[in-house]
Amino acid sequence: MAMTTAAASTEPGPGDLHGRVAELHGVRAAALAGPGEKATLAQHAKGKLTARERIGLLVDPGTFREVEQLRRHRATGFGLEQKKPHTDGVITGW
């Protein structure tokens, strides 16, 4: 049985896959960077550390396993649909 053109076009090609992996690495880097420099500076101005900085002080390097790092909220109203930071300011793991 011959494969149809439609079925063949739904599978990512090697170039598409590399692009998707690069995109995922970029999203992950954005999640690790946090909500932005402005938010980090505001937290530091209050004499506080960011959540990732606090975790870094609490655990040994390489021992914390984060879950759902790329999770975003689905809330609407009050302009929340325009602000969807990764992890939404909450970091969970073990």
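So, here's what we can say about the structure. Keep in mind the model is a prediction, meaning the values are calculated, not measured. (Residues numbered from 1 in each chain as written. Predicted model: local features only at pLDDT ≥ 70, side-chain atom pairs only at ≥ 80, totals over all residues. Heavy atoms only, no water.)

### Some thoughts on the overall build of the protein chain
Selection criterion: Only DSSP runs of H or I covering at least 4 residues are called helices, and only runs of E covering at least 2 are called strands; the numbering of each starts at the N terminus. When a residue's accessible area, from a 1.4 Å probe over protein chains only, is under 20% of the maximum for its type it is buried; when over 50% it is exposed; and in between it is partly exposed. Here, residues are in contact when the closest pair of their heavy atoms is within 4.5 Å. Only the protein chains shown count as covering a residue, and every accessible area follows the Shrake-Rupley method with a 1.4 Å probe.
Secondary structure assignment for the protein chain yields four helices and two strands. Of the regular secondary structure in the protein chain, the N- to C-terminal order runs α-α-α-α-β-β. Considering the protein chain as a whole, with its 94 residues, one finds that 11% of them fall into the buried category. When contacts within the protein chain are restricted to residue pairs at least 6 apart in sequence, long-range pairs at least 24 apart make up 49% of them. About 7,800 Å² of surface is accessible on the protein chain, with carbon and sulfur atoms providing 60% of the total.

### Re the pattern of salt bridges
Note the cut-off: Salt bridges, as used here, are contacts in which a Lys or Arg side-chain nitrogen is within 4 Å of a carboxyl oxygen on Asp or Glu.
Summed over all chains, the structure comprises two salt bridges. With a closest N to O distance of 3.6 Å, arginine 20 and glutamate 23 form a salt bridge. Of this pair, arginine 20 and glutamate 23 are both found in helix α2 (residues 14-33), three residues apart, which corresponds to roughly one turn of the helix.

### Description of the environment of alanine 39
Within the secondary structure layout, alanine 39 lies in helix α3 (residues 37-45). The sequence separation of alanine 39 and threonine 50 amounts to 11 residues, and the corresponding C-alpha distance is 9.0 Å.

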